[in-house]
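Here are the chains, one letter per residue:
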Protein chains: 2
Amino acid sequence: MASIRVGLLGLGVVGGGTWKVLQKNAEEIARRAGRRIEVAAVAVRDVEKARRLLGDSDVRITTDGLEVARDPNIDIVVELIGGETIAKEWVMEAIRQGKHVVTANKALLACHGNEIFDAASSKGVMVMFEAAVAGGIPIIKAIREGLTANRIDWIAGIINGTTNFILSEMQSRGLPFNTVLAEAQRLGYAEADPTFDIEGVDAAHKLTLLASLAFGIPVQFDKACVEGISKLEAEDIQHAARLGYRIKLLGITRRRDDGIELRVHPTLIPMGCLLANVDGAMNAVLVHGDAVGPTLYYGQGAGEMPTASAVVADLVDVARLESADPEHRVPHLAFQPDAVKDIPILGADDIESSYYLRLRVEDRPGVLSEISRILAESDISIGSMFQEPFQAGEASIIFLLHRAREGAVSGAITRMHKLPFVRSEVTRLRVEDLI
Amino acid sequence: MASIRVGLLGLGVVGGGTWKVLQKNAEEIARRAGRRIEVAAVAVRDVEKARRLLGDSDVRITTDGLEVARDPNIDIVVELIGGETIAKEWVMEAIRQGKHVVTANKALLACHGNEIFDAASSKGVMVMFEAAVAGGIPIIKAIREGLTANRIDWIAGIINGTTNFILSEMQSRGLPFNTVLAEAQRLGYAEADPTFDIEGVDAAHKLTLLASLAFGIPVQFDKACVEGISKLEAEDIQHAARLGYRIKLLGITRRRDDGIELRVHPTLIPMGCLLANVDGAMNAVLVHGDAVGPTLYYGQGAGEMPTASAVVADLVDVARLESADPEHRVPHLAFQPDAVKDIPILGADDIESSYYLRLRVEDRPGVLSEISRILAESDISIGSMFQEPFQAGEASIIFLLHRAREGAVSGAITRMHKLPFVRSEVTRLRVEDLI
């Protein structure tokens, strides 16, 4: 059978890894796919650098992605340049030309996925994106194909390696956020501008895709509630540990009767659960289905070779499925396009969770009583609390609150901030038992 | 699009679960598959019982599986009766009739898979078996489709829930094997005749399938090295814990230059690793690929609904792929039939592992020196050891040995058994660091 011919847009970390995996495991891949997967062209910024990587192969090198997208000899265009502007233009052109697309670009799909998948469906081509979520872990495939029997209830995942590395180091070494971030940058785990990672944006891009796959809804990144880890204090990690919890940046999406929760934030989870023991830059996604119960998927969520593993798996899938009737292929968002439903995404106030609150207060009689009264009047029930001295004349009070609406908790916190003896902003973190 | 019509062979735990999932999630499943999946006929032993479960549906009930296998209105035959005789006959007939087959029968496929897959390939039909390994966890899909970019190095899995439940209880409560087995039988976690589970046969069936998918080799259950947990002593679980290990029944398959290891046995693994923290009846499979590194898949490995989740996922896959050219579908054993290679399975003596040895010896001078000499003469290097009193005049000696050929270790143990001061059989367990 003829080779399948690939055009790579971008030859950076993931593009280079993809090239290497396709060379190194060429025989193994062909034994599986039934045909060779051959890189025919690459579009890069730096032609000389590309020439060095590609050696004496006869891959065509260009700086113009549109040329690759329009090359009639190319069957699949692999977009690995990132970003939402040029990447989108080249991907849309590839689709218009009737080519299949493989991409690792979560930002592109989380923000423009509906348009891209629509265009692909009308041209009868596949847009594959296993590499866009959790790197080498085949989580898209698991949800989209492995759990099709289930009504999926919720997903909770560690889907950003940078923040998990930072939190693991803060946890194990008791260091503050800024120190660990600087170290992560030195080690290459965090970028020079780490905003997208540490503020939860990258995780929210990925979660947006997972939610669509799980619930059959359009991608709606703009509706996600997102909170990063840059304000997290070492103190709270220690208090959490004392209470039997670890803090992880989780992406959580949950189906409720009145809508869908879509949220990324630091979360206290019980120490004993597997997710709490996923350390360093590793990723893991816990999926709860009504028939299967909980399932967990763990592995490297980023990096040259793990991400390339996902890109190449998509290439093999396209090679295998190319000849199938388009309407029989796995739908882009797991559900048939005409069966995607616009279920509302719930706003921040409507989230339901348990909560951890920490207050710094003046140490004098009546303090606890007034704070407790506010919680009671907000109909929020206390699971446990402890108080300890903070510094001369001040105390820290920590509450674990039972499940409540976030709007109620925010209202209570606003009232607490008006109390004269509350000495700093109230720290509020969500707590999930993941059961 | 027309419904896809299913015939169920067997309506026991998994068959009943499959029926329930197809009813309960009918709409969700149709939204994904693009068509309804409809049970048209069932073959059961007890017609009355079936009638009660199926209620007032118009599913045809028969006692003759061949009738279902030959029914021209049926597209997919789902074999859930287990065993290797009638199940084989009915499955082969379904294939001859050009029907796709979905099965949860690991024994059937591990022992007769080559013949069954050959027959299916020549008829151009699919035989799907996600439910045969690790219940609801989509591990077949992960290896067969999700990790196709990789040269898979090894797999290590907890793939039998009964034994994992027993070991977890022995570990956490310090109870002996027989006590916990009796309790597991009372709770329904172990069968009245638990041999297949506790002696590792069930795990070896599953491992046989995983090895074929990972390495592109024919199924060769008869070559597996299998040791169960029935002789495991509570004492060794405690010693292992002191050394920083937990004992799990693992199925391990590893590709080496000279062949493939295929083995099931109780294994010491480091406490900190995720597999060591998979407790109760849960399953988990760790897969190591050269590009992706380690990935882990966790979930319920048995039970009515989790297993049904896998059966129904296979049905959706068949519904989606039915129209694809047969030669473009995912191959049964992950590799194209003409690319399956007969790599030799290594015998027990050729296994390479680290080892734990426990000896009961007379407590007198020179004992340790003689034992150590045997190890040295066998070219086996000691990682660590400790000795402690056992009872009056006797001591226990525990060795952790560095990686060695099992033949060398067995030879050394034979020599130890001849020493006059060795008071009982030497306990030998394998140790794997899983890195």
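The rules behind these values
Residues numbered from 1 in each chain as written. Chains lettered and ligands numbered in written order. Predicted model: local features only at pLDDT ≥ 70, side-chain atom pairs only at ≥ 80, totals over all residues. Heavy atoms only, no water. Helix = DSSP H or I, 4+ residues; strand = E, 2+ residues; numbered from the N terminus. Buried < 20%, exposed > 50% of the residue type's maximum accessible area, 1.4 Å probe, protein only. Contact = heavy atoms within 4.5 Å. Areas by Shrake-Rupley, 256 points an atom, 1.4 Å probe, with all protein chains shown as cover. Lys, Arg positive; Asp, Glu negative; His and termini not counted. Charge placed at Lys NZ, Arg CZ, Asp CG, Glu CD. Buried area = accessible area lost by both parts, 1.4 Å probe. Salt bridge = Lys/Arg side-chain N within 4 Å of Asp/Glu carboxyl O. Polar contact = N/O pair within 3.5 Å; in protein donor to acceptor, adjacent residues only side chain to side chain. Nonpolar A, V, L, I, M, F, W, Y, C, P; charged D, E, K, R; others polar. Pairing = 2+ DSSP bridges. Domains from an automatic or database assignment. UniProt positions renumbered as here; feature names shortened; annotations may be inferred. Least-squares fit on C-alpha atoms with pLDDT ≥ 70 in both. Phe/Tyr/Trp six-rings, centres within 6.5 Å; stacked < 30°, edge-to-face > 60°. Axes fitted to C-alpha atoms, helices over the stretch in contact; angles between N-to-C directions. Parallel < 35°, antiparallel > 145°, perpendicular 65-115°, else oblique. Left-handed = near helix turned anticlockwise from the far one by under 90°.

(A) Quick look at the overall build of chain A. Summing up its helical and strand segments, chain A has 15 helices and 16 strands in all. Projected onto its principal axes, the C-alpha coordinates of chain A cover approximately 80 × 45 × 35 Å. When the 435 residues of chain A are sorted by exposure, 62% land in the buried category. Restricting the contact set of chain A to residue pairs at least 6 apart, pairs at least 24 apart contribute 73%. Of the accessible surface of chain A, which amounts to about 15800 Å², a share of 49% is contributed by carbon and sulfur atoms. Taking the average place of the 47 positive charges on the side chains of chain A and the average place of its 59 negative ones, the gap between the two points comes to 1 Å.

(B) Here's a closer look at the interface of chain A and chain B. Chain A puts 67 residues into the contact, and the matching count from chain B is 67 residues. Carbon and sulfur atoms make up 53% of the area that chain A and chain B hide from each other, which totals about 5500 Å². When the area that chain A buries against chain B is broken down by residue, the three leading residues are Arg 31, Arg 32 and Arg 320 of chain A, summing to 16%. Connecting chain A to chain B are eight salt bridges. For Lys 341 of chain A, the salt bridge goes to Glu 27 of chain B, with nearest N and O atoms at 3.2 Å. In this structure, the connection of chain A to chain B is made through 34 residue pairs in polar contact (both at pLDDT 80 or more). Among the elements that line the side of chain A that touches chain B, the one with the most residues is helix H13 (residues 304–321) of chain A, at 10 residues. Looking at the side of chain A that touches chain B, its residues break down into 33 nonpolar, 16 polar and 18 charged.

(C) Representation of the sheet that holds strand S5 (residues 100–103) of chain B. Residue and element names in this part refer to chain B. Strand order in the open sheet formed by six strands is S3-S2-S1-S4-S5-S6, with parallel pairing between adjacent strands. Pairing within the sheet leaves two strands with one partner each, and these edge strands are strand S3 (60–62) and strand S6 (127–128). Summarising the sheet, strand S1 (residues 4–9) and strand S4 (residues 76–79) pair through four bridges and their orientation is parallel. Bridge pairing in S4 places Val 6 opposite Ile 76.

(D) The domain arrangement of chain A, seen in detail. All names here are of chain A. Each assigned domain of chain A is listed with its residue range as follows: domain 1 (4–135 + 304–338), domain 2 (139–300) and domain 3 (350–431). Look at where the C-alpha atoms of domain 2 and domain 3 centre, and you get two points 25 Å apart. Counting residues at the interface gives 19 residues for domain 2 and 19 residues for domain 3. Buried surface at the junction of domain 2 and domain 3, both sides included, amounts to about 1600 Å², of which 56% is carbon and sulfur. The interface formed by domain 2 and domain 3 includes seven salt bridges. The residue Glu 352 makes a salt bridge to Arg 256 at a minimum N-O spacing of 3.8 Å. Applying the counting rule to domain 2 against domain 3 returns nine residue pairs in polar contact (both at pLDDT 80 or more). Counting residues per element, the ones that place at least two in the side of domain 2 that touches domain 3 are helix H12 (234–242), strand S9 (245–256) and strand S10 (259–270). The dominant element in the side of domain 2 that touches domain 3, judged by the number of residues it contributes, is S10, at six residues.

(E) Region of the structure containing the UniProt feature "domain: ACT" (unreviewed entry) in chain A. Here the UniProt feature "domain: ACT" (unreviewed entry) sits at residues 356–431 of chain A. Between the end C-alpha atoms of residues 356–431 of chain A there is a gap of 6 Å, over a span that is 30% helix and 45% strand.

(F) Representation of the relation of the copies chain A and chain B within the structure. With an RMSD of 0.0 Å, the operation that places chain A on chain B is a rotation of 180 degrees combined with a shift of 0.0 Å along the axis. This pairing of chains is accounted for by a two-fold axis. Residue Ala 324 of chain A of chain A places its C-alpha closer to the rotation axis than any other residue of that unit, at 2.0 Å.

(G) Fine view of helix H7 (residues 139–146) of chain A. Counting buried positions along H7 of chain A gives eight out of eight residues, so the element sits mostly inside the fold. Of all the residues in H7 of chain A, the buried ones are Ile 139, Ile 140, Lys 141, Ala 142, Ile 143, Arg 144, Glu 145 and Gly 146 of chain A.

(H) Just the sheet that holds strand S1 (residues 4–9) of chain A, in detail. A sheet is described by the order of its strands in space; here six strands give the open sequence S3-S2-S1-S4-S5-S6 (chain A), paired in parallel fashion. Each edge of the open sheet is held by one strand with a lone partner, namely strand S3 (60–62) and strand S6 (127–128) of chain A.

(I) Geometry of unusual backbone geometry. Residue and element names in this part refer to chain A. Even without being glycine, Ala 134 reaches a positive phi, approximately 60 degrees. Mapped onto the secondary structure, Ala 134 falls in the loop between S6 and H7. Among the residues examined, Ala 134 registers a relative accessible area of 0% and is labelled buried. For Ala 334, which is not glycine, the phi dihedral falls at a positive 75 degrees. Relative to the elements of secondary structure, Ala 334 occurs in the loop between H13 and strand S13 (352–362). You can call Ala 334 buried: its relative accessible area is 0%.

(J) Spotlight on the packing of aromatic side chains. Residue and element names in this part refer to chain A. Inspection of the entire model under this criterion finds five aromatic pairs over all chains. With 5.5 Å between their ring centres and 35 degrees between their planes, Phe 117 and Phe 129 make a pair best called tilted. In this pair, Phe 117 is assigned in helix H6 (residues 106–123) and Phe 129 in the loop between S6 and H7, connecting sequence segments 12 residues apart. Relative accessible area serves as the criterion here: at 5%, Phe 117 is assigned to the buried category. Their ring planes at 35 degrees and their centres at 4.3 Å tell us that Phe 165 and Tyr 189 sit as a pair that is tilted.

(K) Structural context of the pattern of salt bridges. In total, this model carries 90 salt bridges over all chains according to the counting rule given. Among the charged side chains, a salt-bridge network with shared partners connects Arg 254, Arg 256, Asp 258, Glu 261, Arg 263, Glu 352, Arg 403 and Glu 432 of chain A.

(L) View of the side chain of His 332 of chain B. Residues and elements named next belong to chain B. Positionally, His 332 belongs in the loop between helix H13 (304–321) and strand S13 (352–362). Judged by relative accessible area, His 332 falls into the buried class, the value being 12%. Polar contacts involving the side chain of His 332 include one to the main-chain amide nitrogen of Val 127, which spans 2.9 Å. Each residue touching His 332, except ones within four places of it in the same chain, is listed here: Phe 117, Ala 120, Ser 121, Val 125, Met 126, Val 127, Phe 129, Arg 144 and Leu 213.

(M) Broad picture of the packing of helix H14 (residues 367–377) of chain B against helix H15 (residues 406–417) of chain B. Residues and elements named next belong to chain B. Here H14 crosses H15 at 150 degrees, and the two axes come no closer than 9 Å. Classified by the angle their axes make, H14 and H15 are roughly antiparallel. Seen along the crossing, H14 lies across H15 with a hand that is right-handed. On H15, the residues that touch Ile 371, Arg 373, Ile 374, Leu 375 and Glu 377 of H14 are Ala 412, Arg 415 and Met 416. Residue classes in the contact of H14 with H15 are distributed as five nonpolar, no polar and three charged.

(N) Representation of the pairing of S9 of chain A. Across the 12 residues that make up S9 of chain A, a large majority, 12, are buried. By the alternation rule, side chains of S9 of chain A split into Tyr 245, Ile 247, Leu 249, Gly 251, Thr 253 and Arg 255 of chain A and Arg 246, Lys 248, Leu 250, Ile 252, Arg 254 and Arg 256 of chain A, which are all buried.

(O) Just the pairing of strand S11 (residues 282–289) of chain A, in detail. All names here are of chain A. Most of S11 sits out of view: eight of its eight residues are buried. Burial of the side chains of S11 extends over both faces: Met 282, Ala 284, Leu 286 and His 288 are buried on one face and Asn 283, Val 285, Val 287 and Gly 289 on the other. Across eight bridges, S11 lies against strand S12 (residues 293–300) in antiparallel orientation. Counted as the bridge partner of His 288 is Pro 294 from S12.

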